[in-house]
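# Observations on the model geometry
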Amino acid sequence: MGTRALAVAVWLALFAAGCAPLPPAYTPVSRTEGALRVYLQPLPQEAQRLSFSIAEILAVRADGEAIALRPVFSELQGKDLIGVQKRLVSSPLPPGLYRGLSLQLGAASVLGEAGVANLLTPEKPLFIEQEFEIIRETSSTLFLSLDPERLVSGGFSFTPLFSLAKSRRQLKNLLGYATNSRSNVVSVFNKFTMEVVDTIATGSGPMGAVLDQRREWVYVALAGDDMIAAIDVGTGEIFRTARLKFGDEPVEIGLSTDGRILVSANRGSNTASIIDADSLREIERIRLPSEPTSVVMSVLQPRAFLIQPFSNTISVVDLYRREITATLTFDETPLRGALSEDGTTLYVIAKNSPNLLVIDPTNLGVTGRIFVGTGAASILVDPKTDLVYIGKKLGGVAVVDPSLLIPIDTFRVDGNAVSLDIDDDENDLLVVSSDRRTIQKLGLVSHRLSGMIEVEEGCYAVVLMGGR
């Protein structure tokens, strides 16, 4: 095991017990291959009573060579896939041009009035034509759809017609981005339809992310590559990177309110990097008392709050003077924080503590504690209402009214809630659940689950165009 891999393993082991979800281990990126992802689009209502299996999927190169792909799942139950998009394939492939996919079906059946009846399936593989290219260190995404017509012929033969499509340009204001640290991609999704529309290969360990709404740039921390990448929302491509020092392992980043400065929390080197957001050039690096795992940007002054759980400290960095102006130690172990809209209150969740810490950001003094229960994993302040949303690692999101000093509401959520964002366009709460590998969308008023996206291993953070 290499030095970095050993350090990550030790770090995770030391911090695993009883704490909120933290950056997971990351995997190296193949420098010689690309990747193919195939999403099965929601099945039509006509497939409600159908069940079938996929025996084999092959990627067919332009020269005719076929390469076997390993499906994420092979048994398809129609009733479970109506209105649900599922990732069918996620596989490395050699670079080159490809003609399409070959699909060999297995057993199929249909539920009728007399019960389940087996269907005949095509003996030969189905070839689904769609030219695509695999490029080194990038991810290509295809979407597989099942035509609702002629699913069953003659009453006993399963005769499906599949089609493939490439990623298509989407309206920018509908896009959301989810980082997946262990699969080394950012999932691009339509926040209205709640479907993945593309994937962007980023490099190793994409974790924290922040979106500049004005420039329409997404900044992503790549812990495994010691880099910060900038993605253009319009093109969906990485157009600029900031290479930090070896071993920095940036896990989270913050953006100043004027969009000019990025601050990177470098877990591996106990430092914070101050970065010019336009050129992605590191201006300064600040030595911290211990490993920073989270950063909160001030909305009133050019300051950043670096949260360091291992030393129970929060350090204040002045972005103009480029130095630490205060470091205070707390009885609790701070994990993550968020500022009120007016910038006068810092809210912090703490490890193994049932209380939300209310802190004066001018002197980092604790002015109050609000009981919210244990297991806090994420925190978000709604700038329109100043309500504080707290995601729990055992599921659920608590809503706190700071003026009343009590939780006033709860959202039911499946899985741990490791990242939150609010879509201002539709007034929805989006919740990342890393153990379920999903992003769930719930109405802020109705609390109704109105959509869910399947993301990938190590899903860590979500940011939205039009997010609050």
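Residues numbered from 1 in each chain as written. Predicted model: local features only at pLDDT ≥ 70, side-chain atom pairs only at ≥ 80, totals over all residues. Heavy atoms only, no water.

### Focus on the sheet that holds strand 34 (residues 397-401)
Spelled out, the test is: Strands were regarded as paired on the criterion that DSSP finds at least two bridges between them. Elements are defined by DSSP. Helices are runs of H or I of four residues or more, strands are runs of E of two residues or more, and each kind is numbered from the N terminus. Axis definition: a line fitted to C-alpha atoms, over the contacting stretch in the case of helices. Angles run 0 to 180 degrees between N-to-C directions.
Here four strands make up an open sheet; going across it, the order is 32-33-34-35 and the pairing antiparallel. One side of each edge strand has no neighbouring strand; the edge strands of this open sheet are strand 32 (376-381) and strand 35 (406-411). Averaged over all adjacent pairs, the angle separating strand axes in this sheet is 25°, with direction ignored. In the sheet, strand 33 (residues 388-392) pairs with strand 34 via four bridges, with the strands oriented antiparallel. Its bridge partner being in strand 34, Ile390 is matched across the sheet by Ala398.

### Section: the pairing of strand 25 (residues 303-308)
The criterion, for reference: Partly exposed describes any residue whose relative accessible area lies between the buried limit of under 20% and the exposed limit of over 50%, with all areas from a 1.4 Å probe on protein chains only and scaled to the type maximum.
Strand 25 sits mainly inside the fold: six of its six residues count as buried. Alternating positions in strand 25 separate into two faces, Arg303, Phe305 and Ile307 on one and Ala304, Leu306 and Gln308 on the other, with burial throughout. In terms of strand pairing, strand 24 (residues 294-297) meets strand 25 through four bridges, oriented antiparallel. Considered in strand 25, the bridge of Val296 is made with Phe305. From the end of strand 24 to the start of strand 25, which pair antiparallel, there are five residues. As judged from the six bridges shared by strand 25 and strand 26 (residues 313-318), these two strands associate in the antiparallel manner. Within strand 26, the position partnered with Ala304 by the bridge is Val317. Adjacent in sequence and paired antiparallel, strand 25 and strand 26 are bridged by four residues, among which Asn312 carries a positive phi angle near 55°.

### Thoughts on the environment of Asn180
Stated formally: For this analysis, residues touch if any pair of their heavy atoms sits within 4.5 Å.
Note on placement: Asn180 falls in strand 13 (residues 175-180). Asn180 sits 21 residues away from Ala201 along the chain, and the two C-alpha atoms are 9.9 Å apart. When neighbours within four sequence positions are excluded, Asn180 is seen to be in contact with Val185, Val186, Ser187, Pro206, Val455, Glu456, Glu457, Gly458 and Cys459.

### Quick look at the confidence of the model for the protein chain
Here is the rule we go by: The quantity known as pLDDT measures the predictor's confidence residue by residue, on a range of 0 to 100.
Considering every residue of the protein chain, the mean pLDDT works out to 91; 94% of them sit at 70 or more. Put simply, helix 1 (residues 3-15) is where the protein chain has its lowest mean pLDDT, 44, and strand 17 (residues 217-222) is where it has its highest, 98. Here residues 5-24 is modelled with pLDDT under 50, and outside its nearest four sequence neighbours on either side it reaches 45 contacts, counting other chains as well.

### Considering unusual backbone geometry
A negative phi angle characterises most non-glycine residues, just as the trans form characterises most peptide bonds. Phi at Leu280 takes a positive value of approximately 55°, unusual for a residue other than glycine. Along the chain, the position of Leu280 falls in the loop between strand 22 (271-276) and strand 23 (281-287). Residue Leu280 is classed as buried on the basis of its relative accessible area, which comes to 5%. Backbone geometry places Asn427, a non-glycine residue, at a positive phi of 60°.

### A word on the sheet that holds strand 5 (residues 86-93)
Taken together, four strands build an open sheet; the order of strands is 5-1-9-12 and the sheet is mixed. Pairing within the sheet leaves two strands with one partner each, and these edge strands are strand 5 and strand 12 (162-166). Mean inter-strand twist for the sheet, computed between neighbouring axes without regard to direction, equals 25°. Pairing between strand 1 (residues 34-40) and strand 9 (residues 139-146): six bridges, direction parallel.

### Re the nonpolar core
Here is the rule we go by: The term nonpolar core refers to a set of buried residues drawn from Ala, Val, Leu, Ile, Met, Phe, Trp, Tyr and Cys, joined through side-chain atoms within 4.5 Å.
Grouped together as the largest cluster of nonpolar side chains are 37 residues, with contacts concentrated most on Leu36, Leu93 and Phe162. Put simply, the parts of the chain that give this core at least two residues each are strand 1, strand 2 (50-61), strand 3 (66-69), strand 5, strand 6 (96-112), strand 8 (126-134), strand 9 and strand 12. The element that contributes the greatest number of residues to this core is strand 6, accounting for six residues. Ignoring any residue separated from it by four or fewer positions in sequence, one finds Phe162 in contact with Phe52, Leu103, Leu105, Leu126, Ile128, Leu144, Ser145 and Leu146. By size, the runner-up hydrophobic cluster in this structure holds 17 residues, among which are Val186, Leu211, Met227 and Val463.

### Brief notes about the side chain of Ser273
What counts here: Here a polar contact means two N or O atoms within 3.5 Å. Within protein one must be a hydrogen donor candidate and the other an acceptor candidate, and residues neighboring in sequence count only if both atoms are side-chain atoms.
With respect to the helices and strands, Ser273 occurs in strand 22. Within the local environment of Ser273, its side chain forms a polar contact with the side chain of Asn266, the two groups lying 2.8 Å apart. In contact with Ser273, not counting residues within four places along its chain, are Leu244, Leu262, Val263, Ser264, Asn266, Glu282, Glu284 and Arg285.

### Structural notes on the environment of Val413
Within the element layout of this structure, Val413 appears in the loop between strand 35 and strand 36 (419-423). Using a relative accessible area of 9% as the deciding quantity, one classes Val413 as buried. For the pair Val413 and Lys441, spaced 28 residues apart in sequence, the C-alpha to C-alpha distance is 9.6 Å. In this structure Val413 touches Gly395, Gly396, Val397, Val431, Gln440 and Leu442, once residues within four positions along its chain are discounted.

### Here's the deal with the environment of Ile238
Take Ile238: it is sitting in strand 19 (residues 237-243). Once residues lying within four places of it in the same chain are set aside, the contact partners of Ile238 are Ile200, Ala201, Thr202, Ala229, Ala230 and Ile231.

### With respect to the pattern of salt bridges
Basically, it comes down to this: When a carboxyl oxygen of Asp or Glu lies within 4 Å of a side-chain nitrogen of Lys or Arg, that pair is called a salt bridge.
Counted by the stated rule, this structure contains 21 salt bridges. Across the pair Arg369 and Glu332 runs a salt bridge whose closest N-O atoms are separated by 2.7 Å. One end of the pair, Arg369, is in strand 31 (residues 365-371); the other, Glu332, is in the loop between strand 27 (323-329) and strand 28 (333-339), and 37 residues separate them in sequence. For Arg369, a relative accessible area of 43% gives the class partly exposed. Residues joined in a network through salt bridges with shared partners are Arg31, Arg136, Glu137 and Asp225.

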